[in-house]
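Per-entry structural report
One-letter residues, chain by chain:
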Amino acid sequence: MSLALQTFSTVKDANAALRAAGTRYLGGGTLVVRAANEGDVSVSSLVRVTDPGLSRIAVSSGKARLGASVTMAAIARHPELAALAPAARAIGGPAIRNMATVGGNLFAPAPYGDFAVALLALDATVVTEDGETPIEAFLAGRDTSRAIVTGVGFALPMAKSFRFLKVSRVKPKGVSVLSIAALLELAADDTVASARIALGCMADRPIRATAAEKALLGCTLTPREIAPALAAAPQGTAPITDPIASAWYRAEVLPVHLGRLLLS
Amino acid sequence: MAKVPVQFTLNGSEKAEFIESGTTLLNALRDKIGDTSPKGGCHQGTCGACSVIIDGELRLSCLTLAETCNGADIKTTAGLAEGGVLHPLQRAFLDAFATQCGFCTPGMIMAAKVLLDRTPNPSRDDVVEALSGNICRCTGYEPIIQAVLTAARANSQNAA
Ligand SMILES: Cc1cc2nc3c(=O)[nH]c(=O)nc-3n(C[C@H](O)[C@H](O)[C@H](O)COP(=O)(O)OP(=O)(O)OC[C@H]3O[C@@H](n4cnc5c(N)ncnc54)[C@H](O)[C@@H]3O)c2cc1C
Ligand code: FES
Ligand code: FES
């Protein structure tokens, strides 16, 4: 392996260094160092930033801001981020959670990216030096984005309005068959007033289940009323095939697991 | 490739080395410093055999670049025994036949140590969760889980 690591104290200097060919940002390294160990020679140089601001978690007046270097373990144990703890805890084993960052998860290809699925359902914004981008647009353009992500921001979900489910074959740790995050607001009569549903492994990156979201509006969360939303859930998906499951299998089981999540 | 200096504390003693930039902590420990207790099973983050404790947290040394550990406090299984007396976890692993080929053992013991440091009386589920990033091809896991629970009981009896 021949890799060179460059360390910077500011994002600005690191962004400048990242313009060189073969250079990539180093978050927790669980994907990028792994690729280098595996013989990926497309990366010859890694860049990291030691600014402690990137590891900061700030929660105030219902809003959360997570620095890009915040780890899954830090999220899982933060008392004010309890709503997100199930998503953070679903990632890897304990050592991976101590290393895996929020920033890296935004770039993780399926079957990874479970935390990004949660952030997509929460309609997070992704922050770089150039400004803020809605997560949906960010994910769509991530293959060509070079700028260092400095953090993500989102409104903390109200109790019980946010649900997360990761389906894996190996318990308690295992790569996703799929993951689902849902942000649901219920009206006074218990019908769904708004729904935002994000899916992992149902494309090469997290995507929204827009057809299911629409079909849920006005429904109560009963098996009969959610049936059309479940039937619509695979619309627009292009699930991945990997050693964990085929695309066909993922599409078949998505409605089952979405149903369980909605009725839970 | 340019050499870079790294300096950290390993099992209580100061280490300083010049390494090639981009060297993983696993390779630096094994090939440069001579601590072969962390094992290289997969170099992919999947087996946990390379687990070490960095500043009190369990980490995979195969995915950690040594240069990022400057100034860190690193612990490996090689540093657990004191004056020839095995650590309670090591003793329990031997007694419970929780080590067969032994390749996973140092990683298992590191994962178990961070658990017991924080949760001295863990439940079985806590143990399973703590070891969930470590793979063993020999024991079937049950002896390992029992060894960790036994070590926890031994610790709490000593403390009482
Ligand atoms: C054994 C194992 C199990 C895993 N299990 C899961 C799992 O269950 N769920 C899951 O979602 N993932 C899983 N992963 C994948 C991975 O650990 C996570 O997705 C993690 O969040 C990636 O973050 P990282 O900081 O380690 O990324 P890195 O490896 O550091 O980076 C990944 C990519 O993102 C880029 N990048 C990172 N941070 C930034 C930034 N701030 N700005 C710009 N670019 C950036 C890097 O340049 C690189 O291209 C697993 C990995 C392993 C090895
Ligand atoms: S060698 Fe590091 S996890 Fe397998
Ligand atoms: S004892 Fe052989 S791999 Fe665990």
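Worth saying up front: this structure is predicted, and the values here are computed from it rather than measured.

A few points about the domain arrangement of chain B
Residues and elements named next belong to chain B.
- You can read the domains of chain B as domain 1 (3-79) and domain 2 (88-159).
- For domain 1 versus domain 2, the distance between C-alpha centres works out to 22 Å.
- The interface is formed by 17 residues belonging to domain 1 together with 13 residues belonging to domain 2.
- Together, the buried faces of domain 1 and domain 2 total about 1,200 Å²; carbon and sulfur atoms form 64% of this surface.
- Interface area lost by domain 1 to domain 2 is led by Ile-53, Leu-58 and Thr-77, which between them contribute 39%.
- On the surface where domain 1 and domain 2 come into contact, there are zero salt bridges.
- Put simply, domain 1 and domain 2 have four residue pairs in polar contact (both at pLDDT 80 or more) between them.
- For the side of domain 1 that touches domain 2, the secondary-structure elements that each account for two or more residues are strand 3 (51-54) and strand 4 (57-60).
- With three residues, strand 3 is the largest single contributor of residues to the side of domain 1 that touches domain 2.
- The class makeup of the residues in the side of domain 1 that touches domain 2 is five nonpolar, nine polar and three charged.

What about the interface of chain B and chain A?
- Across the contact, 24 residues belong to chain B and 25 residues belong to chain A.
- The contact between chain B and chain A buries some 2,100 Å² in all, and 57% of this surface belongs to carbon and sulfur atoms.
- Interface area lost by chain B to chain A is led by Gln44(B), Leu63(B) and Leu65(B), which between them contribute 26%.
- Seen at the junction of chain B and chain A, the total is two salt bridges.
- Across the salt bridge formed by Glu57(B) and Arg77(A), the nearest N and O atoms sit 3.5 Å from each other.
- Among the secondary structure elements, those contributing two or more residues to the side of chain B that touches chain A are strand 4 and helix 4 (124-130) of chain B.
- Counting residues per element, the side of chain B that touches chain A draws most heavily on strand 4 of chain B, which supplies four residues.
- The class makeup of the residues in the side of chain B that touches chain A is eight nonpolar, 12 polar and four charged.

Examining helix 1 (residues 25-33) of chain B
- Taken together, the buried positions of helix 1 of chain B are Leu25(B), Leu26(B), Ala28(B), Leu29(B) and Ile33(B).
- Considering only its buried residues, helix 1 of chain B is in contact with strand 1 (3-10), strand 2 (13-20), strand 3 and strand 5 (73-75) of chain B.

Here we look at the pattern of salt bridges
- Counted under the stated rule, the structure contains 16 salt bridges over all chains.
- Taking the shortest distance from any N to any O, the salt bridge between Glu132(A) and Arg65(A) comes out at 3.3 Å. Taken as a pair, Glu132(A) in strand 7 (residues 131-134) and Arg65(A) in strand 5 (residues 63-67) lie far apart in primary sequence, 67 residues in all.
- Judged by relative accessible area, which is 39%, Arg65(A) ranks as partly exposed.
- The salt bridge involving Arg196(A) is made with Asp123(A); its shortest N-O contact spans 3.4 Å. With Arg196(A) in strand 11 (residues 192-200) and Asp123(A) in the loop between helix 7 (114-121) and strand 6 (125-128), this pair connects stretches of sequence that are 73 residues apart.
- By relative accessible area, Asp123(A) is classed as partly exposed at 41%.
- A network of salt bridges, in which partner residues are shared, links Arg77(A), Glu57(B) and Arg59(B).

What to know about empty space enclosed by the protein
- In this structure the tally under the stated criterion is one cavity of 30 Å³ or more.
- Looking at the largest cavity, its volume works out to about 60 Å³.
- Lining the largest cavity we find Gly93(A), Pro94(A), Ala95(A), Ile96(A), Lys173(A), Gly45(B), Gly48(B), Ser51(B), Leu58(B), Leu60(B), Gly133(B) and Asn134(B).
- Broken down by secondary-structure element, the contributors of at least two residues to the lining of the largest cavity are helix 5 (94-99) of chain A together with strand 4 of chain B.
- The biggest single contributor to the lining of the largest cavity is helix 5 of chain A, with three residues.
- Tallied by class, residues from the lining of the largest cavity come to five nonpolar, six polar and one charged.

Digging into the sheet that holds strand 3 of chain B
All names here are of chain B.
- Reading across the sheet, the five strands line up as 2-1-5-3-4 and stay open at both edges, with mixed pairing between neighbours. Lying at the two open borders of the sheet, with one neighbouring strand each, are strand 2 and strand 4. Averaged over all pairs of adjacent strands, the angle between strand axes in this sheet comes to 40 degrees, irrespective of strand direction.
- Looking at chain direction, strand 1 and strand 2 are connected through eight bridges and run antiparallel. Paired with Val-6 across the two strands is Glu-17, which belongs to strand 2.

As for the site of ligand 1
All names here are of chain A.
- As a structural note, the neighbourhood of ligand 1 is formed by 32 residues, with Arg-24, Tyr-25, Gly-28, Thr-30 and Thr-101 the closest of them.
- Within the backbone of Gly-28, a nitrogen or oxygen atom sits 2.6 Å from an oxygen atom of ligand 1.
- Leu-31 is positioned with one of its backbone polar atoms (N or O) 2.7 Å from an oxygen atom of ligand 1.
- Protein chains bury 96% of the 970 Å² of accessible surface belonging to ligand 1 in isolation.

Looking at the layout of surface pockets
- Within this model, the second largest pocket holds a volume of roughly 700 Å³.
- As for the second largest pocket, its lining consists of 31 residues, of which Gly27(A), Gly28(A), Arg48(A), Arg59(B) and Thr68(B) are closest to the centre.
- For the lining of the second largest pocket, the elements supplying multiple residues, two or more each, are strand 3 (45-49) and helix 5 of chain A together with strand 4 of chain B.
- The class makeup of the residues in the lining of the second largest pocket is 14 nonpolar, 12 polar and five charged.

Some points on the environment of Val70(A)
Residue and element names in this part refer to chain A.
- Tracing the backbone through its elements, the reader meets Val-70 in the loop between strand 5 and helix 3 (72-77).
- With 14 residues separating them in the primary sequence, Val-70 and Arg-56 have C-alpha atoms 6.6 Å apart.
- Excluding its chain neighbours within four sequence positions, the residues that come into contact with Val-70 are Leu-54, Ser-55, Arg-56, Ile-57, Ile-75, Ala-100, Thr-101 and Val-102.

Rules of the game
Residues numbered from 1 in each chain as written. Chains lettered and ligands numbered in written order. Predicted model: local features only at pLDDT ≥ 70, side-chain atom pairs only at ≥ 80, totals over all residues. Heavy atoms only, no water. Domains from an automatic or database assignment. Contact = heavy atoms within 4.5 Å. Buried area = accessible area lost by both parts, 1.4 Å probe. Salt bridge = Lys/Arg side-chain N within 4 Å of Asp/Glu carboxyl O. Polar contact = N/O pair within 3.5 Å; in protein donor to acceptor, adjacent residues only side chain to side chain. Helix = DSSP H or I, 4+ residues; strand = E, 2+ residues; numbered from the N terminus. Nonpolar A, V, L, I, M, F, W, Y, C, P; charged D, E, K, R; others polar. Buried < 20%, exposed > 50% of the residue type's maximum accessible area, 1.4 Å probe, protein only. 1 Å grid on protein atoms, 1.4 Å probe; cavity = no way out; pocket = protein on both sides within 12 Å on 5 of 7 lines; lining within 4 Å. Points joined across faces, edges and corners; volume = space filled by probe spheres on them. Pairing = 2+ DSSP bridges. Axes fitted to C-alpha atoms, helices over the stretch in contact; angles between N-to-C directions. Near = heavy atom within 4 Å. Areas by Shrake-Rupley, 256 points an atom, 1.4 Å probe, with all protein chains shown as cover.

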